[in-house]
Amino acid sequence: MKRQALAALICGGMVGAGSLLGGIGFLLGGARGFYVDRAGAHYYQNQPTVTELEQVMDYGEADWNGECAEVYEETECWEDEEHWAEEHWDSREPVTVIQEATVVPGERITGNIGLNDFHSIRGVFTAEEITLVESDRFAVEYSLNSTLHFEELAVEDGVLRIEVKPRIEQLAFLDFRLSRREENTVRIYYPAGMAFDEVNLEFVTGSLSAADLRAEHTSVRYTSGECRLERLSGALEVSMTSGSLQISGGDLSMVDVTSSSGYAVLEDLTVGDCVRTAGLNGKYTLQNLQANALELTGTSGDIRIENCRANTLSTQYVSGELKGIGLETAGLDVFATSGTIDLEGAFSGKNILKTTSGTIRFQTSLPEDSYQCSVSTISGKAQAGRSGSASAPNQLDIRTTSGSVEYSFGS
């Protein structure tokens, strides 16, 4: 027992001394006392090393048995050049890659790297402010704290691959320096007016902004944060868990937005095919849209549509509110289980509105005699005595089980 007590006393003293020294070191501006990498645990001497980026030109691995380096820089030659066939050398396509240099943790890692031409972007980010910028060059500019690093930054076969992630080999949570609170930024520059084949971006938290981006297909996925896209063209897909999304301006072929609990605004868009939105309990606002079709689905979110024109508008959701003002459509197919449907505008074609226990309000600027009307409810309240005209070109079918129905014409 005495030995155990003595051992406990010694251990406690060592822990206390270590805590005291660590506190003193922190107050004096010292860095972490140790770090862990793939080789194991190591002590720092107040000058731990992490990585910073430098640009080189990589011509790939030689397909011969020489021992010279894989990386070829502009000012150097292959050490064993006679073993390299001239025809192979001419066929090599350079790609921009990175290599590592050393900096002190707590210092920011910054740089501006010129890149080879690329026509597609595939990026994965952890927690940054990401911006796509029109300019006169291909480049990446970055400012990161020392807990993050580039897992990948390369241009190969015309594709920019970029990935920023935490340093899992270091105990980043022990870095108490204030630089960790500064914004991490990554800016991708490309020549103005160019058209991309594909832009695929993913981030966990943070923000993404892009303007005047032309791409055959753009895909954005994020967990939380902000995304702002302006004056885009091509097909667009966005998937978010929470956070906010704003898509404004642009001539798009298709828009597909999925949100679990976020808030999305789509405004001033011309869409050749379809605008689709889906979500569990997110909120959507659609303003000044012109599209072939609007397809809106959800579980319990609210949808607001203002001054939009579409050949067809179809919605299906469980609860929530669908509010439409100043709409112009050639067909409605709207269903809600227990939500509210409230639509105002000019509605031609076949118009079907149904709820199980919700409220339906329908106000059209077209006259009553332009519709064939069928309105019914089982246990709710509904206006009666209006059937329109049997030979009218448009149809109006409103049904609810236990909700209420209100409708008016020519207003």
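Residues numbered from 1 in each chain as written. Predicted model: local features only at pLDDT ≥ 70, side-chain atom pairs only at ≥ 80, totals over all residues. Heavy atoms only, no water.

A look at the overall build of the chain
Part 1 of the argument: Assigned secondary structure in the chain consists of two helices and 24 strands.
Part 2 of the argument: A separation of at least 24 residues holds for 37% of the contacts in the chain among residues at least 6 apart in sequence.
Part 3 of the argument: With an accessible surface of roughly 20800 Å², the chain has 48% of that area assigned to carbon and sulfur atoms. (Helix = DSSP H or I, 4+ residues; strand = E, 2+ residues; numbered from the N terminus. Contact = heavy atoms within 4.5 Å. Areas by Shrake-Rupley, 256 points an atom, 1.4 Å probe, with all protein chains shown as cover.)

Overview of the pairing of strand β8 (residues 148–156)
Part 1 of the argument: As paired strands, β8 and strand β9 (residues 159–166) are joined by eight bridges and run antiparallel to one another. If you follow alanine 154 over to β9, its bridge partner there is arginine 161.
Part 2 of the argument: Joining the antiparallel neighbours β8 and β9 is a turn of two residues, in which aspartate 157 adopts a positive phi near 55°. (Pairing = 2+ DSSP bridges.)

Let's talk about unusual backbone geometry
Part 1 of the argument: In this structure, aspartate 157 is a non-glycine residue whose phi angle is positive, near 55°.
Part 2 of the argument: Structurally, aspartate 157 is set in the loop between β8 and β9.
Part 3 of the argument: Take aspartate 157: its relative accessible area is 68%, and that puts it in the exposed class.
Part 4 of the argument: The backbone of asparagine 307 sits at a positive phi, close to 50°, despite the residue not being glycine.
Part 5 of the argument: Within the element layout of this structure, asparagine 307 appears in the loop between β17 (303–306) and β18 (309–317). (Buried < 20%, exposed > 50% of the residue type's maximum accessible area, 1.4 Å probe, protein only.)

Focus: the pairing of strand β6 (residues 120–135)
Part 1 of the argument: Sheet analysis places β6 next to β9, joined by five bridges and oriented parallel. The residue bridging isoleucine 121 from the neighbouring strand is leucine 160, located in β9.
Part 2 of the argument: The pairing of β6 with strand β11 (residues 195–211) spans twelve bridges and is parallel. Counted as the bridge partner of serine 120 is glutamate 198 from β11.
Part 3 of the argument: Where β6 lies against strand β10 (residues 185–191), seven bridges are found, and the strand directions are parallel. Its bridge partner lying in β10, isoleucine 130 is registered against valine 186.

Notes on the pattern of salt bridges
Part 1 of the argument: Enumeration according to the criterion identifies ten salt bridges in this entry.
Part 2 of the argument: As a salt-bridge pair, aspartate 397 and arginine 399 come within 3.0 Å of each other at their nearest N and O atoms. (Salt bridge = Lys/Arg side-chain N within 4 Å of Asp/Glu carboxyl O.)

Concerning the packing of aromatic side chains
The way to describe two aromatic rings as a pair is by their centre distance and the angle between their planes.
Part 1 of the argument: Overall, the coordinates contain eight aromatic pairs when judged by the stated rule.
Part 2 of the argument: Pairing phenylalanine 118 with phenylalanine 138 gives two aromatic rings, centres 4.7 Å apart and planes at 65°, and the pair type is edge-to-face. Here the residue phenylalanine 118 occupies a position in the loop between β5 (109–114) and β6, and phenylalanine 138 occupies one in the loop between β6 and β7 (139–144), the gap between them amounting to 20 residues. Summarising the burial analysis for this pair, phenylalanine 118 and phenylalanine 138 share the class buried. (Phe/Tyr/Trp six-rings, centres within 6.5 Å; stacked < 30°, edge-to-face > 60°.)

Section: the environment of valine 405
Part 1 of the argument: With respect to the helices and strands, valine 405 occurs in strand β24 (residues 405–408).
Part 2 of the argument: Residues valine 405 and isoleucine 341 lie 64 residues apart in sequence; the distance between their C-alpha atoms is 9.6 Å.

Brief notes about the environment of glutamine 287
Part 1 of the argument: Residue placement: glutamine 287 occurs in strand β16 (residues 283–298).
Part 2 of the argument: On a C-alpha basis, the gap between glutamine 287 and leucine 269 in space is 8.3 Å, while along the polypeptide they are 18 residues apart.
Part 3 of the argument: In this view, glutamine 287 contacts Leu266, Glu267, Asp268, Glu306 and Cys308; residues no more than four positions away in its chain are not counted.

Regarding the confidence of the model for the chain
Part 1 of the argument: In the predicted model, the chain carries a mean pLDDT of 78, and 69% of its residues have values of at least 70.
Part 2 of the argument: With pLDDT under 50 throughout, residues 169–181 is counted as low confidence; its partners more than four residues away or in other chains account for 30 contacts. (pLDDT = per-residue confidence, 0-100.)

Looking at the environment of serine 259
Part 1 of the argument: Tracing the backbone shows serine 259 in strand β14 (residues 244–259).
Part 2 of the argument: Once the C-alpha coordinates of serine 259 and valine 238 are considered, the two residues, 21 residues apart in sequence, prove to be 8.4 Å apart.
Part 3 of the argument: For serine 259, the contacting residues outside a window of four places in its chain are Met240, Thr241, Ala278, Gly279, Leu280 and Tyr284.
Part 4 of the argument: A distance of 2.8 Å separates a polar side-chain atom of serine 259 from the backbone nitrogen of glycine 262. (Polar contact = N/O pair within 3.5 Å; in protein donor to acceptor, adjacent residues only side chain to side chain.)

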